[in-house]
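Architecture at a glance
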Amino acid sequence: MSELNLILLGPPGAGKGTQAERLRDDFGLAHISTGDMLRAQVAEETELGRAAKRYMDAGDLVPDDVIIDMIIGRVGDPDAADGFLLDGFPRNEAQAEALAKALKERGRRLTGALLIDVPDDVVVQRLAGRRTCVKNASHIYHVDFDPPKHEGVCDQDGARLVQRDDDQEDTIRRRLEVYHSQTEPLIAYYDRAGLLRRFDGTRSADEVHDHIRATVATLRLEEEL
Ligand code: AP5
């Protein structure tokens, strides 16, 4: 069977993690989130985690050499052999080139780059109200748009919900600046490669999911032809 190798693009708070969780289940893909991997390293107080934390807290990108090695290794893991969904990588052209080179060396290629588009004011509103589960960071809520059944408690495993350290307004603004200057150029990069698919991220999470799922199903059919 052919592989579905996908990238999720979009500003912070666009809903990449929210959609990745659903698409992983729809299509049996490995969900690879650089942010979650880095936060796990921070929590375990590894050398990499300590080095990454100051960049993350400031809203800046962690240096490429750290990230590229981490992701290229992860994409080669057995659970990603039939397809993966990258969430938060690549974030600049150097990372995109490194990914393309590593895939080519392994006889693989990207199937699509899925852009979830939302304006900056929506980003600020979403991130200020986001809460994530301490036990499993891919369980994501919003105090107004997607509240848990019991305040402060994860519906799925009963663990505590917390606010991310980088979801403070100043840091959110810095992350947006970094997105516009360093990551947004990848939209044109993947458009030129014929891989870009755009989605209106201001719709409800269910509507965004329906649109992306239909597009990915078509991409899969095209791969199988
Ligand atoms: P990372 O964790 O990747 O953060 P991000 O890209 O800023 O994205 P977020 O996780 O904040 O947002 P999201 O799009 O996943 O939105 P979510 O689904 O949670 O990166 C963090 C840091 O790590 C970076 O700043 C950097 O320092 C470092 N890093 C990571 N990758 C790196 C790389 N490749 N290179 C260098 N450094 C790297 O949704 C947000 C909220 O909105 C939630 O509350 C959710 O419930 C709600 N919501 C979602 N969809 C909808 C909807 N349709 N309608 C209403 N509400 C919605």
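The rules behind the values
- Residues numbered from 1 in each chain as written.
- Predicted model: local features only at pLDDT ≥ 70, side-chain atom pairs only at ≥ 80, totals over all residues.
- Heavy atoms only, no water.
- Near = heavy atom within 4 Å.
- Polar contact = N/O pair within 3.5 Å; in protein donor to acceptor, adjacent residues only side chain to side chain.
- Areas by Shrake-Rupley, 256 points an atom, 1.4 Å probe, with all protein chains shown as cover.
- Helix = DSSP H or I, 4+ residues; strand = E, 2+ residues; numbered from the N terminus.
- Nonpolar A, V, L, I, M, F, W, Y, C, P; charged D, E, K, R; others polar.
- Pairing = 2+ DSSP bridges.
- Disulfide = S-S within 2.5 Å.
- Salt bridge = Lys/Arg side-chain N within 4 Å of Asp/Glu carboxyl O.
- Buried < 20%, exposed > 50% of the residue type's maximum accessible area, 1.4 Å probe, protein only.
- Core = buried A, V, L, I, M, F, W, Y, C linked by side-chain atoms within 4.5 Å.
- Contact = heavy atoms within 4.5 Å.

To continue, consider the site of the ligand. Taken together, 35 residues are adjacent to the ligand, and T18, D60, R91, R130 and R175 come closest. V62 is positioned with one of its backbone polar atoms (N or O) 3.0 Å from a nitrogen atom of the ligand. The contact in question runs from an oxygen atom of the ligand to an N or O atom on the backbone of Y141, over 2.7 Å. Compared with its free state, where it exposes 1,000 Å², the ligand has 95% of that area covered by protein. For the shell around the ligand, the secondary-structure elements that each account for two or more residues are α1 (16-27), α2 (34-43), α6 (120-128) and β6 (140-142). If one sorts the elements of the shell around the ligand by residue count, α2 sits on top with four residues. The residue makeup of the shell around the ligand, split by class, is 14 nonpolar, 11 polar and 10 charged.

Before going further, it helps to examine the pairing of strand β5 (residues 130-133). Looking at chain direction, β5 and β6 are connected through three bridges and run antiparallel. Note that in β6 the partner of R131 across the bridge is Y141. Pairing of β5 with strand β7 (residues 161-162) involves two bridges; the strand directions are antiparallel. Across the sheet, C133 pairs through a bridge with L161, a residue of β7.

Right, let's talk about the state of the cysteines for a bit. Across all of its chains, the model carries zero disulfides by this definition. For C154, which is in no disulfide, the shortest distance to another cysteine sulfur is to C133 and amounts to 3.9 Å.

Glancing now at the pattern of salt bridges. A complete count under the given rule lists 21 salt bridges for this structure. One salt bridge in this structure joins R164 and D166, with 3.0 Å as the shortest N-O distance. We note that R164, like D166, is buried. Each of R130, R164, D166, D167 and R175 takes part in a single network of salt bridges with overlapping partners.

Looking now at the nonpolar core. Ranked by internal contacts, the top residues of the largest apolar core, which has 33 residues, are F84, L86 and Y190. Elements with a contribution of two residues or more to this core: β1 (4-9), β2 (30-33), α3 (47-58), α4 (64-75), β3 (83-87), α5 (93-105), β4 (112-117) and α8 (185-192). Counting residues per element, this core draws most heavily on α4, which supplies six residues. Each residue touching L86, except ones within four places of it in the same chain, is listed here: L6, I7, L8, I32, I71, V75 and L99.

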